[in-house]
Amino acid sequence: MPSSKLKSDKSVRVLVVEDDADDRELLLYQLRKSGLDEHVKFIASGKEALAFLMDNRGKAAARELIAIFLDLKLPSLGGIELLRRLRQHEEFTHTPVIVMTSSNDPKDLEECRRLKVAHYIPKPVTFTSFSKAVADTFHLPQPQADSTLAVLSE
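It should be emphasised that the depicted structure is a prediction, and the values quoted were computed from it without experimental measurement. (Residues numbered from 1 in each chain as written. Predicted model: local features only at pLDDT ≥ 70, side-chain atom pairs only at ≥ 80, totals over all residues. Heavy atoms only, no water.)

Under the criterion given, the structure shown has nine salt bridges. The residue R114 makes a salt bridge to E111 at a minimum N-O spacing of 2.8 Å. In this pair, R114 and E111 are both assigned in helix α5 (residues 106-114), three residues apart and thus about one turn of the helix distant. A residue is classified by how much of its surface remains accessible, and E111, at 14% relative accessible area, is buried. (Salt bridge = Lys/Arg side-chain N within 4 Å of Asp/Glu carboxyl O. Helix = DSSP H or I, 4+ residues; strand = E, 2+ residues; numbered from the N terminus. Buried < 20%, exposed > 50% of the residue type's maximum accessible area, 1.4 Å probe, protein only.)

So, in structure tokens, the structure goes:
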């Protein structure tokens with residue numbers, strides 16, 4: 001797993017829920033360019049991510065989150081189910097979520113739209129598509145609730 005210099009859960013600005021080491025490295029590289037690598041928490045399973053976000057530390061960190069990067073195919077609890085549960089809590093209703101997935105199931109894409117995912121990036125994630133998602137999420141005004149899901153690929 002990539003090492004980050006995260007000092008405490010209170011300094012979490014970006015949560016990465018991803019079980020693939022290569023994808024985590026790509027994320028860390030891009031986040032380093034944005035100056036956020038010291039504020040990244042990596043979690044490899046949906047169940048562990050839910051436990052973190054639902055405890056007091058995670059709920060406190062939710063106020064500071066810039067984004068959640070989420071794989072849909074996770075061990076123990078899938079990304080869509082994790083996102084459904086998070087969206088039920090006020091702290092997470094407007095948190096930008098960037099989905100990175102190898103799923104080509106149209107139902108997953110439609111559910112991501114319903115759950116107000118900011119960006120949907122098919123795997124393999126390219127540097128260009130990932131860079132655009134990061135720039136859009138971190139540097140542009142937050143999308144409105146009725147905005148269209150951006151599907152990014154080359």
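Right, picking up where we left off after that structure.
We now examine the packing of helix α2 (residues 46-54) against helix α4 (residues 79-87). Here α2 crosses α4 at 15°, and the two axes come no closer than 9 Å. One way to sum up the angle between α2 and α4 is to call them roughly parallel. The chirality of how α2 crosses α4 is right-handed. Judged by residue contacts, G46, A49, L50, L53 and M54 of α2 engage L82, R85 and L86 from α4. Of the residues in the contact of α2 with α4, the class split is six nonpolar, one polar and one charged. (Axes fitted to C-alpha atoms, helices over the stretch in contact; angles between N-to-C directions. Parallel < 35°, antiparallel > 145°, perpendicular 65-115°, else oblique. Left-handed = near helix turned anticlockwise from the far one by under 90°. Contact = heavy atoms within 4.5 Å. Nonpolar A, V, L, I, M, F, W, Y, C, P; charged D, E, K, R; others polar.)

Distances and angles like these do not, on their own, reveal function.
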